Amino acid sequence: MSLFYFFRKSIERQWGRFLLFLIGITIAVAGTLSPWMISRSMETALADAFDLVGANMIIAPPPGQYDMPLDVVESIFSIHESKNIAVVSPKVLGILDAPEGHLTIMGIAFDEEIRLKRWWSVEGEWPSSFRGDVPPHRYNHMSAKNLEEERAKWQVPEEQVLGEQVTGQQLQSLVLGRSLAEDRGWAIGEQVEIAGYHFRVQAILDPLGTEEDNMALIDIALAAHLLERPEQLSMIEIAALCATCPIEVIVSQIEEVLPGYQVEAVREAAEMRQMIIGRFTVFSALTGFVVAMAGIMLVGLTAAAQARERQWEIALLQAIGFGRKTVTLLLSAQIGLAGLLAGLLGYSTALGLSLVLWPYLAPGVMSPVTFFYPLEGLLTVLAASLVGMAAGYPIFSQTAKKDPARLLGSQ
Amino acid sequence: MSLIIAKDICHVYDSGERAYEALKKVNMSISEGEFVALVGPSGSGKSTLLSILGVLTKASSGIVQIDGIDVTNLGEEERARFRREYVGFVFQQFHLMPYLTALENVMLPLVMTSISKKEQKEKARLALAKVGLEEKGHRLPAQLSGGEQERVAIARAIVNEPPLLLADEPTGALDVANGNRVMALLTDLNKQGHTIVMVTHNPAYEPLAHRVIRLQDGAIVEGSGSLTRPGEVS
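Please read all numbers here as calculations on a predicted model, not as lab measurements.

**Student:** What should I look at first to understand the overall build of chain B in this one?
**Tutor:** In terms of regular secondary structure, chain B is built from 6 helices and 10 strands. Here chain B, with 234 residues, has 54% of them falling under the buried criterion. Considering only contacts in chain B between residues 6 or more positions apart, those separated by 24 or more positions represent 67%. Counting only carbon and sulfur atoms, one obtains 48% of the accessible surface of chain B, whose full area is about 10,000 Å².

Below, the structure written as structure tokens:
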């Protein structure tokens, strides 16, 4: 018979007792983890919700200037924190002639703009991409190498902009603000001539209550061409993506690479976001701490009860020649094993509990929420095992130091 | 030749609030192959003395030598190893692990030795055979009678073939028939060469021992040197 066999047998034959102990620690682990998982997910959901509000930063040309070069985009992606930049949406603003009067034009990158303004809804179909041949998110992670390639796409082929030669397929996309569309009486699918070029009304924005209600949105490259400001930008909106994105740090890094430019964080939104997320983080940490303490106490009490119940076993093993340390380790290892299993069970229970409770705690939050954090899971299992052993060891050790003869005689 | 020599053994139980002197300068020697009965009223120090002789309890003062080894100042792990090799304990309450079979209970003291599993099983079977339970090795303690459980406990005590067997009221929880059977077994083991020190309250078993040492209030009052002849179990 090996020591392991004895260890296994003592668990097998006392399965009911072991199970009760296991359930006790499982409840402690699940009770610790589920509030933490829920508050952490709330934190993520909240950050996502704030990100939906739009840009965190706006870059404008230096005071007294109206334009800035396309190279600015490259500079933005050269900063250290560029990995935390989600969307860069450049814009060109200007006024063009149209048959029924001047039009305020905003040249945008359609893909980037709709990623930034996720709350926009339109009648019709939002233009999909830059002349249909450029991959989406082209401003993300753009390197110096492909900037030249990018720049080449800003050269609008002559045959596409000559009004009398355009075909149905060559019509340019036009998105209208609701007020503008109503004022001019333009509808979806209608062809409109602006500055001598033919456009098709592809979408009309639902009322926003902002200046976009009176604007015509066209492709940025075409707008720059029509406004005769090639490779020039009026402003850039930037969004940082994640809950932990350091917006203030990104702003200061952009200011470093673009000296003189007006780089502004949308401070109110950023500060509110940080404040609320910060409160949730503190709440999450406090909840976790309080319940973890309760869990550790429960494990400790269970270990103490085990030690009391098994003290004659501890004494007998010593009487037949087991060393004090061996006995202590043997019994602590059983608690450690229970902790290991309970860690796994507790983590799974907490996962299930969080998924069940989430709809009641955060109704209507549509963003995908993930509760599974593998690293934390692994740490939980290890911690439960170590806490079990650490709680059991001193108690078993203390029992093993008692006079075995008295413990055996007391039975 | 003396297997055990105890010199000036004192032992004090100190609970913090009050101290109780369980043994007062006890001197004794036990020869190899001897069967000694420790008798006396409750609280006279019999079990404490037995536990000190078995290196389970450390005496407050005095010297204990077993087989020429001074066990007084051995470290904790050395004391455990010494018990494993030299001493077999039999308790009144059997103290069998309820989750191990009779055979596994007997094998338990061998777990900490270097002998193979096969040899462990062989030795345990042999020990069970010595106590007449070779057929019941697969049973759990709960499936055995009180007498059988005590015999399993004796098998566990002798499986390591220790020179010294210590029995603390081995018949205390048994009826007369089972008690007599256990005593016959101990006498037999003594004849096979085991030195036995037994605590008993039952005067009927005193004649079975070579020598009776009577304790009172922590001191030997009778039998420290005399040798009586063993009787027969009726």
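**Student:** In this structure, what is going on with the interface of chain B and chain A? I would like to understand it.
**Tutor:** Interfaces are often described in size by the accessible area the parts lose on coming together. Contacts between the two partners involve 29 residues from chain B, matched on the other side by 29 residues from chain A. Both faces combined, the contact of chain B with chain A buries some 2,600 Å², and carbon together with sulfur accounts for 66% of it. Of all residues in chain B, the largest losses of buried area upon contact with chain A belong to His 95, Tyr 99 and Met 112 of chain B, amounting jointly to 25% of the total for that side. One can count 1 salt bridge joining chain B with chain A. Across the salt bridge formed by Glu 76 of chain B and Arg 324 of chain A, the nearest N and O atoms sit 3.0 Å from each other. Counting every contact that joins chain B to chain A gives 7 residue pairs in polar contact (both at pLDDT 80 or more).

**Student:** Would you mind going over the UniProt feature "transmembrane region" (unreviewed entry) in chain A with me for this structure?
**Tutor:** Residues and elements named next belong to chain A. Listed under "transmembrane region" (unreviewed entry) in the UniProt record, and renumbered for this structure, are residues 282–305, 326–358 and 378–396. From the first C-alpha to the last, residues 326–358 spans 46 Å; its make-up is 100% helix and 0% strand. Regarding residues 378–396, the helix share stands at 100% and the strand share at 0%, and the terminal C-alpha atoms are separated by 27 Å.

**Student:** Looking at this structure, how should I read the side chain of Ser 234 of chain A?
**Tutor:** Residue and element names in this part refer to chain A. Mapped onto the elements, Ser 234 comes out in the loop between β10 (232–233) and β11 (235–240). For Ser 234, the side chain forms a polar contact with the main-chain nitrogen of Leu 93, separated by 2.8 Å. Other than its neighbours up to four places away in sequence, Ser 234 contacts Ala 60, Pro 61, Tyr 66, Asp 67, Met 68, Lys 91, Val 92, Leu 93 and Arg 229.

**Student:** How should the pattern of salt bridges be read in this particular structure?
**Tutor:** When the charged atoms of two side chains lie near each other, side chains of opposite charge can form a pair. Residue and element names in this part refer to chain A. Counted by the stated rule, this structure contains 15 salt bridges over all chains. The partner of Lys 91 in a salt bridge is Glu 113, and the shortest N-O contact between them spans 2.7 Å. You can see Lys 91 sitting in strand β3 (residues 85–96) and its partner Glu 113 sitting in helix α4 (residues 110–116), a full 22 residues away along the chain. A relative accessible area of 1% places Lys 91 in the buried class.

**Student:** In this structure, what is going on with helix α9 (residues 247–257) of chain A? I would like to understand it.
**Tutor:** Note that an α-helix has 3.6 residues per turn; residues three or four places apart therefore point the same way. Those residues of α9 of chain A that sit buried are Ile 247, Ile 250, Val 251, Gln 253 and Ile 254 of chain A. Burial along α9 of chain A is one-sided: seen end-on, the buried residues are contained in an arc of 165 degrees.

**Student:** So what exactly am I meant to see when it comes to the sheet that holds strand β6 (residues 87–91) of chain B here?
**Tutor:** The strands making up a sheet associate through backbone hydrogen bonding, with each pair oriented either parallel or antiparallel. Residues and elements named next belong to chain B. Strand order in this open sheet of 6 strands is β6-β7-β8-β3-β9-β10, and the pairing throughout is mixed. The open sheet has two edge strands with one neighbour each: β6 and β10 (219–222). Across this sheet, the average inter-strand angle for adjacent strands is 25 degrees, counted without regard to direction. As paired strands, strand β9 (residues 211–216) and β10 are joined by 3 bridges and run antiparallel to one another.

**Student:** Would you mind going over helix α1 (residues 46–53) of chain B with me for this structure?
**Tutor:** Residues and elements named next belong to chain B. Taken across its 8 residues, α1 has 7 buried, putting it largely inside the fold. Among the residues making up α1, those that are buried are Lys 46, Thr 48, Leu 49, Leu 50, Ser 51, Ile 52 and Leu 53. Positioned one or two residues after α1, Val 55 has a phi angle of 60 degrees, which is positive.

**Student:** Please clarify how the pairing of β6 of chain B should be interpreted in this entry.
**Tutor:** Residue and element names in this part refer to chain B. Of all 5 residues making up β6, 5 are buried, and the element is well covered by its neighbours. Taken together, the 5 bridges between β6 and strand β7 (residues 164–168) define a ladder with parallel strand orientation. Within the sheet, the bridge partner assigned to Phe 89 lies in β7 and is Leu 166.

**Student:** Quick question: what am I supposed to make of the sheet that holds strand β1 (residues 2–14) of chain B here?
**Tutor:** The 4 strands are arranged β2-β1-β4-β5 (chain B) in an open sheet whose pairing can be described as antiparallel. The sheet terminates laterally at β2 (19–31) and β5 (69–70) of chain B, the two strands that pair on one side only.

Rules and cut-offs
Residues numbered from 1 in each chain as written. Chains lettered and ligands numbered in written order. Predicted model: local features only at pLDDT ≥ 70, side-chain atom pairs only at ≥ 80, totals over all residues. Heavy atoms only, no water. Helix = DSSP H or I, 4+ residues; strand = E, 2+ residues; numbered from the N terminus. Buried < 20%, exposed > 50% of the residue type's maximum accessible area, 1.4 Å probe, protein only. Contact = heavy atoms within 4.5 Å. Areas by Shrake-Rupley, 256 points an atom, 1.4 Å probe, with all protein chains shown as cover. Buried area = accessible area lost by both parts, 1.4 Å probe. Salt bridge = Lys/Arg side-chain N within 4 Å of Asp/Glu carboxyl O. Polar contact = N/O pair within 3.5 Å; in protein donor to acceptor, adjacent residues only side chain to side chain. UniProt positions renumbered as here; feature names shortened; annotations may be inferred. Arc of directions from axis to C-beta. Pairing = 2+ DSSP bridges. Axes fitted to C-alpha atoms, helices over the stretch in contact; angles between N-to-C directions.

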